[in-house]
Amino acid sequence: MSDERREGYDGTGPGAITPDGCAVEVWTRLPVGDAPDVIEAAVPPGAKILELGCGVGRMTHPLVDRGFAVTAVDESAEMLARVRADVRTVRSPIERLDLGERFDVVVLASFLVHAGDPAVRQGLLETCRRHVTGDGCVLVQREGEDWHRNVPRESRIAGTDGVARILSATPVGSGVNSVHAEYVFPDGTWTQTFLSRPLSTEAFEQALTDAGLRVEAYLTEDRTWVRARPFNRSRSGPAR
């Protein structure tokens, strides 16, 4: 049985579709890119990592193989079924997660911080803050500056015969766009429609601040990967 779909999110194509419209089969085919390298360079060796929105384990598996202790969280049972048996997994909506423990590193990737609903976005960031140690860090992946303006666009999917297309980003009110994506492979076509809220650097940093996090560094030249640190909101400076 498929998971219940989130409002404003949809997907089509063979196989299971997750609550946010992702096709599980597509995510098994997408390359991980340089994300594990970015993470490895930004955190201590062997760190205890909480990965939020792990999907099929594209980043999970390389991080485990590099010696990190990863707890992988996703709301989709079908996604988690693709994660290796040697990885600790938790099924839960990220914004409602409360494991009662803290981690050296919390990772919120896949542009999840751009959730269309501001309450969901803040819930995601509060989960990050709730689960990171006082001297730990939160790694967030955000969209590129022109991500919603540079449409339509397409790119070859590295290592496959597939093509990924962002066909449109249509305003649907209150600063939110409905984004329509398509993934075409020789043996099938999948689509995803999802809500995404563009965030200026100022709005992004303010959202972090509201959750008790503060940007420490932009880790990549395109500023899409960010390392943040927790701070005590009752004080003016970062937590020590």
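To be clear, the structure that these remarks concern was listed above.
Residues numbered from 1 in each chain as written. Predicted model: local features only at pLDDT ≥ 70, side-chain atom pairs only at ≥ 80, totals over all residues. Heavy atoms only, no water.

Draft legend 1. Local environment of the nonpolar core. Counting 27 residues, the largest nonpolar core has Leu 52, Leu 108 and Phe 204 as its most contacted members. Elements supplying a minimum of two residues to this core: strand E2 (48–52), strand E5 (103–108), helix H5 (118–131), strand E6 (132–141), helix H6 (201–210), strand E11 (213–218) and strand E12 (225–230). At four residues, H5 tops the list of elements feeding residues into this core. Ignoring any residue separated from it by four or fewer positions in sequence, one finds Phe 204 in contact with Val 113, Val 140, Arg 142, Leu 199, Val 215, Tyr 218 and Val 226. Of all hydrophobic cores here, the second largest spans 21 residues; its members include Val 179, Ala 181, Trp 190 and Phe 194. (Core = buried A, V, L, I, M, F, W, Y, C linked by side-chain atoms within 4.5 Å. Buried < 20%, exposed > 50% of the residue type's maximum accessible area, 1.4 Å probe, protein only. Helix = DSSP H or I, 4+ residues; strand = E, 2+ residues; numbered from the N terminus. Contact = heavy atoms within 4.5 Å.)

Draft legend 2. Molecular detail of empty space enclosed by the protein. Applying the stated rule across the entire model yields one cavity of 30 Å³ or more. Taken as a whole, the largest cavity spans an internal volume of roughly 30 Å³. Among the elements of the structure, helix H1 (24–29) and strand E10 (188–196) are those that each provide at least two residues to the lining of the largest cavity. Broken down by element, the lining of the largest cavity gets its largest block of residues, three residues, from E10. For the lining of the largest cavity, a count of residues per class yields six nonpolar, three polar and no charged. (1 Å grid on protein atoms, 1.4 Å probe; cavity = no way out; pocket = protein on both sides within 12 Å on 5 of 7 lines; lining within 4 Å. Points joined across faces, edges and corners; volume = space filled by probe spheres on them. Nonpolar A, V, L, I, M, F, W, Y, C, P; charged D, E, K, R; others polar.)

Draft legend 3. Summary view of the side chain of Glu 51. Secondary-structure assignment places Glu 51 in strand E2. Buried charged residue Glu 51 carries no salt bridge. Nearest counter-charge: Arg 58, at 7.6 Å. Only 2.5 Å separates the side chain of Glu 51 from the side chain of Thr 60, close enough to count as a polar contact. Not counting the four nearest positions on each side in its chain, Glu 51 is found in contact with Met 59, Thr 60, Val 70, Thr 71, Ala 72, Val 73 and Val 107. (Lys, Arg positive; Asp, Glu negative; His and termini not counted. Salt bridge = Lys/Arg side-chain N within 4 Å of Asp/Glu carboxyl O. Polar contact = N/O pair within 3.5 Å; in protein donor to acceptor, adjacent residues only side chain to side chain.)

Draft legend 4. Fine view of the pattern of salt bridges. For the structure shown, the criterion picks out 16 salt bridges. A salt bridge links Lys 48 to Glu 101; the shortest N-O distance between them is 3.4 Å. Placement of Lys 48 in strand E2 and of Glu 101 in the loop between strand E4 (88–91) and E5 is noted, with a sequence separation of 53 residues between them. Judged by its relative accessible area of 32%, Lys 48 is partly exposed. Residue Glu 101 is classed as partly exposed on the basis of its relative accessible area, which comes to 23%. With a closest N to O distance of 3.0 Å, Arg 84 and Asp 65 form a salt bridge. Within this pair, whereas Arg 84 is found in the loop between helix H4 (77–80) and E4, its partner Asp 65 is found in helix H3 (residues 60–65), the two being separated by 19 residues in sequence.

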